[in-house]
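Topology and contacts: notes
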Amino acid sequence: MNRLDIKGDARRIFDTLQGGGIAIIPNDAGYALMGGSYEAVRRIFVAKKRGGHKRNAMLASMATQRELHVLDQRSQDMVEMLTQDYNLTVGVAAPYRKDHPLIAKMDKRLVEASTGNDTVGLLLNGGPLFEEVCRLCREAVLPVFGSSANITGTGPKFRVEDIQPELRAIADVVIDYGLRKYHHYQRSATTLSFANGEVECLRIGSCYELISDLLRRHFDVTLPEDPGRDVNASGHLQEFAFKDASYV
C-alpha cells in the first residue's frame, strides 16, 4: 500500500488551476470544485446550477487570511482560536483589502461573482493537501475560487464516487482521498461572518457544536441553536443569508 503523495498531488492541482483548468480537491469537510480563472469558475457555476445570489469561496491559507481580511483583533483571535488552537475547518466571510495582490490580479467579473457587501469568504484549515495547494497558489499569486462538488441542493459529497458524473466530467484533475474526515456530519463546513465586531452564522455545518461551544466559552459569543440536519430534504441546513450575499 502506498502513502499519499501530498506534494505531488498538490502540484498536479496547482498546474491544472494555473493553466485555466478545473480541479476536484478533497478537504476535511468534503470535496470541492475549484478554478483559477473566471472562465473556469463560470463553468463550475453553470454545471452546479447555482443561483445568481450565490458567492464563490476562495481557497486560502491562514497567512493569506491574515493579510486579506480586515478584522478587529478580537474577531481575528476568534478565527485563530478555531483554526489554529482547535484545528477546525471553518468558512470565514469578512471585509477584505481591495488592494491585496490576489484581489488586484482577479478578473473584475470574478470579483463580482465572489464577493458581496464588501466581504469575501475563505475556506480555512482544510487539511494537509489543502494547505499545500494554498501555499503554491499564494507563492504564485494565483487566486482560486470554487464551491462544494455537488449540484446545488443535493448536499455535500464526501466520496468522489458520490459526485455527480456531469461535475466529474468538467474536472481536468480529480484527486481522490476517499471518505472525508467530517463525513459523519453530512454537512459542508460551518461558515461564519465577521463584521463590525459582530459574529453571524451564515451556514450551520460540520463541527458546529464544537464551534458554538468554543466561541461561547472563550469569547462569550452565542450562536443560533442547531435546528437539526433534517431541516430540508437536500441535506443542507438552513441557509443564513448575509444581506444579499450567500456563501452556502
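So, here's what we can say about the structure. In this text the structure is predicted, and so the values were computed from the model without any measurement.

Let's talk about the packing of helix α1 (residues 6-18) against helix α7 (residues 128-139)
- As a packed pair, α1 and α7 sit with axes 9 Å apart at the nearest point and diverge in direction by 45°. If you check the angle between α1 and α7, you find them oblique. The chirality of how α1 crosses α7 is right-handed. Mapping the contact onto sequence places Ile6, Lys7, Asp9, Ala10, Arg11, Ile13, Phe14 and Leu17 in α1 and Pro128, Leu129, Glu132, Val133, Arg135, Leu136 and Cys137 in α7.
- Here the contact of α1 with α7 is built from residues that sort into 10 nonpolar, no polar and 5 charged.

Topic: the side chain of serine 188
- Structurally, serine 188 can be placed in the loop between β8 (173-174) and β9 (191-195).
- Judged by relative accessible area, which is 4%, serine 188 ranks as buried.
- One polar contact links serine 188 to serine 148, side chain to side chain, over a distance of 3.5 Å.

Brief notes about the packing of aromatic side chains
- Tallied over the full model, the rule gives 1 aromatic pair.
- Ring geometry for tyrosine 182 and tyrosine 185: centres 6.1 Å apart, planes at 70°, overall edge-to-face.
- Of the residues examined, tyrosine 185 reaches a relative accessible area of 14% and is grouped as buried.
- When the ring centre of tyrosine 31 is taken as origin, the NZ or CZ atom of arginine 180, which lies over that ring, is 6.0 Å away.

Notes on the environment of cysteine 134
- Its location among the elements puts cysteine 134 in helix α7.
- Residue class for cysteine 134 comes out buried when judged on its relative accessible area of 3%.
- Considered as a pair, cysteine 134 and aspartate 107 are 27 residues apart in the sequence and their alpha carbons are 19 Å apart.

Describing α7
- With 12 residues, α7 extends 17 Å between its outermost C-alpha atoms, agreeing within 8% with the 16 Å of an ideal straight helix rising 1.5 Å per residue.
- For α7, the set of buried residues is Leu129, Phe130, Glu132, Val133, Cys134, Leu136 and Cys137.
- Valine 141 occupies a position one or two residues after α7 and carries a positive phi of about 50°.

Describing the state of the cysteines
- The tally for this structure, following the rule as stated, stands at 0 disulfides.
- No disulfide involves cysteine 137; its sulfur sits 6.9 Å from that of cysteine 134, the nearest cysteine.
- Looking at cysteine 201, it has no disulfide partner, and the nearest cysteine sulfur is the one in cysteine 207, 13 Å off.

Calculation notes
- Residues numbered from 1 in each chain as written.
- Predicted model: local features only at pLDDT ≥ 70, side-chain atom pairs only at ≥ 80, totals over all residues.
- Heavy atoms only, no water.
- Axes fitted to C-alpha atoms, helices over the stretch in contact; angles between N-to-C directions.
- Helix = DSSP H or I, 4+ residues; strand = E, 2+ residues; numbered from the N terminus.
- Parallel < 35°, antiparallel > 145°, perpendicular 65-115°, else oblique.
- Left-handed = near helix turned anticlockwise from the far one by under 90°.
- Contact = heavy atoms within 4.5 Å.
- Nonpolar A, V, L, I, M, F, W, Y, C, P; charged D, E, K, R; others polar.
- Buried < 20%, exposed > 50% of the residue type's maximum accessible area, 1.4 Å probe, protein only.
- Polar contact = N/O pair within 3.5 Å; in protein donor to acceptor, adjacent residues only side chain to side chain.
- Phe/Tyr/Trp six-rings, centres within 6.5 Å; stacked < 30°, edge-to-face > 60°.
- Lys NZ or Arg CZ within 6 Å of the ring centre and 35° of its normal.
- Expected span 1.5 Å × (residues − 1).
- Disulfide = S-S within 2.5 Å.

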